[in-house]
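# Reading the structure
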Amino acid sequence: LQFTAKTRGTVSSKNISGLGTAANTFTDTATVDISDSSSIAADTLTVLAERSGTYYAEGRDGLNRITGDTKATITSSTVNADAGGATLTARNKAQLTAKSPEMVINLDDVGGPVAVEVSSARNYLSGNTEASITDSAITVNNNGGLNITTEKNVLTNSLAETDSVVWSLPRSAFPHSFTMN
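First, a word on scope: everything that follows refers to the structure included in this document. (Residues numbered from 1 in each chain as written. Predicted model: local features only at pLDDT ≥ 70, side-chain atom pairs only at ≥ 80, totals over all residues. Heavy atoms only, no water.)

## Things to note about the sheet that holds strand β11 (residues 129-134)
Put simply, the rule reads: Think of it this way: DSSP has to see at least two bridges between two strands before they count as a pair. Where helices and strands are cited, they refer to DSSP runs of H or I of at least four residues and of E of at least two residues respectively, numbered from the N terminus. Lines fitted to C-alpha atoms define the axes, with helix axes restricted to the stretch in contact, and inter-axis angles between N-to-C directions lie between 0 and 180 degrees.
The 3 strands lie next to each other as β3-β6-β11, forming an open sheet whose pairing is parallel. The open sheet terminates on both sides in strands that have one partner only, identified here as β3 (30-35) and β11. Going from strand to strand, the sheet's axes swing by 0° on average, the running direction of each strand aside. Looking at chain direction, β3 and strand β6 (residues 70-75) are connected through 6 bridges and run parallel. The residue bridging Ile34 from the neighbouring strand is Ile74, located in β6.

This is the structure in structure tokens:
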């Protein structure tokens, strides 16, 4: 007997000009909860909750804001498993990449005032990863095993590159007024 909740896929935002914000705000939840069950009987019981989404944001302000829980739980239940045993697994393998690429502004090509914005690449990940048995009776027969596993193996990568302002020589001064705050 197997209960599975999996989320996976790719969410990507890219601001092509590189001047604006690219943001992913997403709730990604994988939950399996066996609760208030009077009797579950099986040779093998597997309960799996897994998040494995990939999130990518690229822009002057690259932002991933991902929330959600990963839970495999048995609550207030009676479970009888045979030789195959009982396994509860909660696994979070989300991957977040935020990037703010380098910008080169050539003052020779600009006909007016230039504004250089802050470069920002941020990843926010929140939520719980939990595998648990609460207020329940679990019986495993015939040398079967009981395994409870929680894994949080999340990969985050943020890269914010700097901006460059260039102009051609032999000019010795900026061709326009220059103000920096």
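## Looking at the pattern of salt bridges
Applicable threshold: The term salt bridge refers to a pairing of a side-chain nitrogen on Lys or Arg with a carboxyl oxygen on Asp or Glu at a separation within 4 Å. Residue exposure (1.4 Å probe, protein chains only): buried if accessible area is under 20% of the type maximum, exposed if over 50%, otherwise partly exposed.
Counted under the stated rule, the structure contains 5 salt bridges. The salt bridge partner of Arg91 is Glu50, with a shortest N-O separation of 2.7 Å. Here the residue Arg91 occupies a position in strand β7 (residues 78-92), and Glu50 occupies one in strand β4 (residues 40-58), the gap between them amounting to 41 residues. The class for Glu50 is buried, based on a relative accessible area of 9%. Each of Glu50, Arg91 and Glu151 takes part in one network of salt bridges that share partners.

## Some words on the nonpolar core
Put simply, the rule is: To define a nonpolar core, start from buried Ala, Val, Leu, Ile, Met, Phe, Trp, Tyr and Cys residues and group those joined through side-chain atoms within 4.5 Å. Between two residues, a contact is recorded if the distance between any of their heavy atoms is within 4.5 Å.
Residues Ile34, Leu45, Val47, Ala72, Ile74 and Val79 are the most contacted members of the largest nonpolar core, which totals 16 residues. Sorting the residues of this core by element identifies β3, β4, β6 and β7 as the ones contributing at least two each. Discounting residues that sit within four places of it in the chain, Val47 has contacts with Phe3, Val32, Ile34, Ala72, Thr87, Leu88 and Thr89.

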